[in-house]
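Survey of secondary and tertiary structure
Each chain, written out:
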Number of protein chains: 2
Amino acid sequence: MISKTAKYAIKAVIYLGLHSSESHKILTRDLYEKIQVSESYLAKILQELSRHNIISSAKGRNGGFYLTRDNGDHTLMDIVRVLDGGQYVDSCVLGISQCNAEHPCALHDKVGKGKTEFNRVLEETRVSELIADLQEGDAYFPL
Amino acid sequence: MISKTAKYAIKAVIYLGLHSSESHKILTRDLYEKIQVSESYLAKILQELSRHNIISSAKGRNGGFYLTRDNGDHTLMDIVRVLDGGQYVDSCVLGISQCNAEHPCALHDKVGKGKTEFNRVLEETRVSELIADLQEGDAYFPL
DNA sequence: TCCTATTTATGATTTATATCATGTTTTTCC
DNA sequence: GGAAAAACATGATATAAATCATAAATAGGA
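This one's a predicted model, so the numbers in the text were calculated from it and none came from an experiment.

What counts, and at which threshold
Residues numbered from 1 in each chain as written. Chains lettered and ligands numbered in written order. Predicted model: local features only at pLDDT ≥ 70, side-chain atom pairs only at ≥ 80, totals over all residues. Heavy atoms only, no water. Axes fitted to C-alpha atoms, helices over the stretch in contact; angles between N-to-C directions. Helix = DSSP H or I, 4+ residues; strand = E, 2+ residues; numbered from the N terminus. Parallel < 35°, antiparallel > 145°, perpendicular 65-115°, else oblique. Left-handed = near helix turned anticlockwise from the far one by under 90°. Contact = heavy atoms within 4.5 Å. pLDDT = per-residue confidence, 0-100. Near = heavy atom within 4 Å. Polar contact = N/O pair within 3.5 Å; in protein donor to acceptor, adjacent residues only side chain to side chain. Nonpolar A, V, L, I, M, F, W, Y, C, P; charged D, E, K, R; others polar. Buried area = accessible area lost by both parts, 1.4 Å probe. Salt bridge = Lys/Arg side-chain N within 4 Å of Asp/Glu carboxyl O. Expected span 1.5 Å × (residues − 1). Buried < 20%, exposed > 50% of the residue type's maximum accessible area, 1.4 Å probe, protein only. Least-squares fit on C-alpha atoms with pLDDT ≥ 70 in both. Arc of directions from axis to C-beta.

**Remarks on the packing of helix 1 (residues 4-19) of chain B against helix 4 (residues 76-84) of chain B**
Residue and element names in this part refer to chain B.
- Running from N to C, helix 1 and helix 4 cross one another at 135°; their axes reach a closest spacing of 9 Å. Between helix 1 and helix 4, the interaxial angle falls into the category oblique. Judged by the sense of rotation from one axis to the other, the crossing of helix 1 with helix 4 is right-handed. Within the contact between the two elements, helix 1 uses Thr5, Ala6, Ala9, Ile10 and Val13 and helix 4 uses Leu76, Ile79, Val80, Leu83 and Asp84.

See below:
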């Protein structure tokens, strides 16, 4: 559905949203265990996110990664696209070319709703909203 | 979400359900183009399905693959499990170990519904039902 | 009984994903 | 201005998924 890499990325972004700011940056080495991924792999992922402006970073001493208000404007789908390259979002569950929303195939019609719903949520949910939900205690995020 | 291999398999099973019977078996070479996969790869998939009794087969001259009434009793999830090994059905969308249905994580709570729905449909839909829908013209399946 | 058409079994190859490792650049502090 | 601390860039390796190729087993028909 979405790659492991994208999952790591989403977790990391949420964590940064909850625990970082421009005045309190976070280092890869202090984050990788929580995400349950190796330090060097997380580093690569964070760099990719930074390059696409999903998160912010500062080099050198006192550097690190953090989330600004602007960063929070991205959707979860943006994150997935940066890491999975947008290829997973194909219209038909069975990969039938003549199948689309107006003319859904047998399975699409049944199963497709679940997938469409999944995509829709990814597309509509902004990082900032998710963070807000978590801060208000409405949601659970055990990292 | 589900592998390409599983998609090929589902397509093939549906096709067999619509166009084959014990007295009218179908050869790999007459099917692979419709599924849009190579002949040898489809052969491998059909063999795997046959071994797990999802479809039926006969060797030798006048042999081929076909679907019996008994075969139709399997669910779509059965097909997926045979080819993907059941590993994709992990509980949490983000792979968080402490997250489950009773205690859903932030994303699980939002996105999870889509995935759960998807799984449910796979689990509940029997091959025979899907075939019936198609034969009655209620569904679309352009192969 | 022998030949041919078919599934079946097995292994090799390619491609994609995930992961690791190492060197380079930038920034801040002393 | 030099040294240390950090992100950044790049390439190598490992693992898994997808695909291909070939030989063996089986069954039917002449």
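**Let's talk about the confidence of the model for chain A**
- The predicted model of chain A averages 84 in pLDDT, with 88% of residues at 70 or higher.
- Mean pLDDT values over the elements of chain A span from 70, in helix 5 (residues 106-124) of chain A, up to 94, in strand 2 (residues 64-66) of chain A.

**A closer look at the protein's contact with DNA strand C**
- In the vicinity of DNA strand C, 27 residues are found, and the nearest of them are A:Ser38, A:Tyr41, B:Arg29, B:Lys44 and B:Gln47.
- In DNA strand C, the atoms that sit within 4 Å of the protein are 69% sugar and phosphate, with bases accounting for the remainder.
- At 2.6 Å from a phosphate oxygen of DNA strand C is found a side-chain nitrogen or oxygen belonging to A:Ser38.
- Within the residue set of the surface near DNA strand C, elements represented by two or more residues are helix 1 (4-19) and helix 3 (39-51) of chain A together with helix 3 (39-51), strand 1 (56-58) and strand 2 (64-66) of chain B.
- Residue composition of the surface near DNA strand C, by class: five nonpolar, 13 polar and nine charged.

**Remarks on the interface of chain A and chain B**
- Across the contact, 36 residues belong to chain A and 36 residues belong to chain B.
- Around 3200 Å² of area is buried between chain A and chain B when both sides are counted, 70% of it from carbon and sulfur atoms.
- Here chain A and chain B share zero salt bridges between them.
- The interface formed by chain A and chain B holds zero residue pairs in polar contact (both at pLDDT 80 or more) in total.
- Contributing elements (two or more residues each) for the side of chain A that touches chain B: helix 1, helix 5 and helix 6 (127-135) of chain A.
- With 10 residues, helix 5 of chain A is the largest single contributor of residues to the side of chain A that touches chain B.
- Class assignment of the residues belonging to the side of chain A that touches chain B gives a composition of 21 nonpolar, seven polar and eight charged.

**Brief notes about the protein's contact with DNA strand D**
- Around DNA strand D, 27 residues are found, and the nearest of them are A:Arg29, A:Lys44, A:Ser57, B:Ser38 and B:Tyr41.
- Close to the protein, within 4 Å, the atoms of DNA strand D belong to sugar or phosphate groups at a rate of 71%.
- Interatomic distance of 2.5 Å between a side-chain N/O atom of A:Arg29 and a phosphate oxygen of DNA strand D.
- Between DNA strand D and B:Asn62, the relevant distance is 3.1 Å, taken from a phosphate oxygen to a side-chain nitrogen or oxygen of the residue.
- Elements with a minimum of two residues in the surface near DNA strand D: helix 3, strand 1 (56-58) and strand 2 of chain A together with helix 1 and helix 3 of chain B.
- In terms of residues, the surface near DNA strand D owes the most to one element, helix 3 of chain A, which gives four residues.
- Of the residues assigned to the surface near DNA strand D, the class counts are five nonpolar, 13 polar and nine charged.

**What to know about helix 1 of chain B**
- Its 16 residues give helix 1 of chain B an end-to-end C-alpha distance of 22 Å, which sits within 8% of 22 Å, the value for a rise of 1.5 Å per residue.
- Most of helix 1 of chain B is tucked away: 13 of the 16 residues are buried.

**Re the relation of the copies chain A and chain B**
- At an RMSD of 0.2 Å, chain A and chain B line up after a rotation of 180° and a shift of 0.1 Å along the axis. Such values leave the two copies arranged in the relation of a two-fold axis.

**Topic: the environment of B:Arg126**
Residue and element names in this part refer to chain B.
- Relative to the elements of secondary structure, Arg126 occurs in the loop between helix 5 (106-124) and helix 6 (127-135).
- Residue Arg126 is classed as partly exposed on the basis of its relative accessible area, which comes to 34%.
- Spatially, the C-alpha atom of Arg126 lies 9.2 Å from that of Asp78, the residues being 48 residues apart in sequence.
- Leave out the neighbours within four places in its chain, and Arg126 touches Gly72, Asp73, His74 and Thr75.
- Within the structure, Arg126 has its side chain in polar contact with the backbone oxygen of Asp73 (distance 2.6 Å).

**Some words on helix 3 of chain A**
Residue and element names in this part refer to chain A.
- Here helix 3 is 13 residues long and its end C-alpha atoms lie 18 Å apart, about the 18 Å a rise of 1.5 Å per residue gives.
- For helix 3, the set of buried residues is Leu42, Ala43, Ile45, Leu46, Leu49 and Ser50. Buried positions in helix 3, seen along its axis, are confined to an arc of 170° and lie on one side of it. Among the exposed residues of helix 3, those oriented more than 90 degrees off its buried face are Ser40, Lys44 and Arg51.
- The elements touched by buried residues of helix 3 are helix 1, helix 2 (32-35), strand 1, strand 2 and helix 4 (76-84).

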